[in-house]
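Survey of secondary and tertiary structure
Next come the chains, spelled out residue by residue.
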Amino acid sequence: MSTKVVEIKTLKVGKYIVLGGEACKIISYTTSSPGKHGAAKARIEAVGVFDNQKRSLVKPVDNKVDIPIIDKRLGQVISIQGANVQLMDMENYDTLDLPMPEDLKDSIVEGIEVEYIVALGNMKIMRIRGSN
């Protein structure tokens, strides 16, 4: 697992965090002021990058959490087979089979370049880079 440990107070909306073993994107981050004997607490709402499941976390801001190391890569679409897309990585020329993202189903055609991410052993096509 490629993760890094950071304090909760350094997180921001739009960054990534590991919740329940999944890489999640933070959509909401709020803190409560400390009480007489307590510490300030952070409430984090996040959505899973690969499963779109909503997760939340409430912990003191001084606690440490894991954040995933996200590798953004570029690939060229070789072929489309039903619900899967076959990509060739533009850096090391490996071929990969990834699921077709619902929001890009109409836009992905053979020969175009797409950006995909690798995090915690999972891969997902994020957006279209542009045509050749």
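Here the structure is a predicted model, which means the values were calculated and not measured. (Residues numbered from 1 in each chain as written. Predicted model: local features only at pLDDT ≥ 70, side-chain atom pairs only at ≥ 80, totals over all residues. Heavy atoms only, no water.)

1. Re the layout of surface pockets
Taken as a whole, the largest pocket spans an internal volume of roughly 250 Å³. Of all the elements in the fold, those that place two or more residues in the lining of the largest pocket are strand S3 (22-32), strand S4 (41-48), strand S10 (113-119) and strand S11 (122-130). Among the residues making up the lining of the largest pocket, the classes are represented as seven nonpolar, three polar and five charged. For the lining of the largest pocket, the two domains that each supply at least three residues are domain 1 (1-66) and domain 2 (69-126). Counted as a void, the second largest pocket has a volume near 190 Å³. Taken together, Val49, Phe50, Asn52, Pro99, Met100, Pro101, Glu102, Asp103, Met123, Lys124 and Ile125 make up the lining of the second largest pocket. (1 Å grid on protein atoms, 1.4 Å probe; cavity = no way out; pocket = protein on both sides within 12 Å on 5 of 7 lines; lining within 4 Å. Points joined across faces, edges and corners; volume = space filled by probe spheres on them. Helix = DSSP H or I, 4+ residues; strand = E, 2+ residues; numbered from the N terminus. Nonpolar A, V, L, I, M, F, W, Y, C, P; charged D, E, K, R; others polar. Domains from an automatic or database assignment.)

2. Quick look at the UniProt feature "domain: Translation initiation factor 5A C-terminal" (unreviewed entry) in the protein chain
Within this numbering scheme, the UniProt entry marks residues 69-129 as carrying the feature "domain: Translation initiation factor 5A C-terminal" (unreviewed entry). Secondary structure content for residues 69-129 is 0% helix and 61% strand, and the end C-alpha separation is 22 Å. (UniProt positions renumbered as here; feature names shortened; annotations may be inferred.)

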